[in-house]
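# Per-entry structural report
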Amino acid sequence: MSLKRVVHCLSCILLVLGTAVGLGGCYNSGVQNYKSVAPGANLDLEGLELRSISVVSAAQDQPGRLLGMVFNSTGADIPLVIRDRNNSVDLTVPAHGQIGFDTSEHILQSTENPPGARTDLTIEAKGRSEVLDVPVLDGTLSQYAPYVPK
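Definitions and cut-offs
Residues numbered from 1 in each chain as written. Predicted model: local features only at pLDDT ≥ 70, side-chain atom pairs only at ≥ 80, totals over all residues. Heavy atoms only, no water. Helix = DSSP H or I, 4+ residues; strand = E, 2+ residues; numbered from the N terminus. Buried < 20%, exposed > 50% of the residue type's maximum accessible area, 1.4 Å probe, protein only. Areas by Shrake-Rupley, 256 points an atom, 1.4 Å probe, with all protein chains shown as cover. Salt bridge = Lys/Arg side-chain N within 4 Å of Asp/Glu carboxyl O. pLDDT = per-residue confidence, 0-100. Contact = heavy atoms within 4.5 Å. Pairing = 2+ DSSP bridges. 1 Å grid on protein atoms, 1.4 Å probe; cavity = no way out; pocket = protein on both sides within 12 Å on 5 of 7 lines; lining within 4 Å. Points joined across faces, edges and corners; volume = space filled by probe spheres on them. Nonpolar A, V, L, I, M, F, W, Y, C, P; charged D, E, K, R; others polar.

## Description of the overall build of the protein chain
Helices and strands together make up the secondary structure of the protein chain, namely 1 helix and 9 strands. Listing each helix as α and each strand as β along the protein chain from the N terminus yields α-β-β-β-β-β-β-β-β-β. Relative to its full complement of 150 residues, the protein chain shows a buried share of 36%. When the accessible surface of the protein chain is totalled, it reaches about 8900 Å², and 55% of it is carbon and sulfur.

The structure is reproduced here in structure tokens:
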């Protein structure tokens, strides 16, 4: 094998290795977002993990459906209250269980802000509460259209 071919082979090998190392930094395993299901707000509170929480509504002052997931990492059922300025949703997240708002419908009777804005929800569990700033979505994007309250 000629020296020119050896240099060419080594150059190709280095190019492939360099590309593999360079692209390896682009991979995001999603470890930090392992339970995120859609754009929305996240919160950890008293053993509950709220992921991708948002509200879907046709318009301001119209009913809004909660979307996202709630996971309970504890061995006990945890009562959870999600409320806005005017109304609240009470539910219980089962021990080591979850609630998906895509399959479990929970409606706020009036959405304070219009779609495209953000609104505050107060999340209460085990005597603690935190305010969560969540997006208000509408049916413009087809994946949210089935969730707009009628």
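## Considering the pattern of salt bridges
Applying the stated criterion across every chain yields a total of 8 salt bridges. The residue R51 makes a salt bridge to D44 at a minimum N-O spacing of 2.8 Å. The closest approach of N and O atoms between R83 and E124, which form a salt bridge, is 2.6 Å. Pair noted here: R83 is in strand β4 (residues 78-83) and E124 is in strand β8 (residues 118-125), with a separation of 41 residues, a long-range link. Taken together, the shared-partner salt bridges in this structure form one network comprising D44, E49 and R51.

## A closer look at the confidence of the model for the protein chain
For the protein chain, the average pLDDT comes to 86, and 80% of its residues sit at 70 or higher. Of all helices and strands in the protein chain, the one with the weakest mean pLDDT is helix α1 (residues 3-24) (66), whereas β4 scores best (97). Here residues 26-36 is modelled with pLDDT under 50, and outside its nearest four sequence neighbours on either side it reaches 7 contacts, counting other chains as well.

## Looking at the environment of S129
For S129, the location among the structural elements is in strand β9 (residues 128-137). Since its relative accessible area comes to 44%, S129 is described here as partly exposed. Between the C-alpha atoms of S129 and I82, which are 47 residues apart in sequence, the distance is 9.5 Å.

## Overview of the pairing of strand β5 (residues 88-93)
Residues V89, L91 and V93 point to one face of β5 and are all buried, whereas S88, D90 and T92, pointing to the other face, are not buried. Hairpin connection of β4 to β5: 4 residues between the antiparallel strands.

## Let's talk about empty space enclosed by the protein
If a probe as big as a water molecule is rolled over the atoms, it shows which places are left empty. Under the criterion given, the structure shown has 1 cavity of 30 Å³ or more. Roughly 40 Å³ of internal volume is contained in the largest cavity. In terms of lining, the largest cavity is formed by V55, D84, L108, S110, T111, E112, T119, D120 and L121. Among the residues forming the lining of the largest cavity, the class breakdown is 3 nonpolar, 3 polar and 3 charged.

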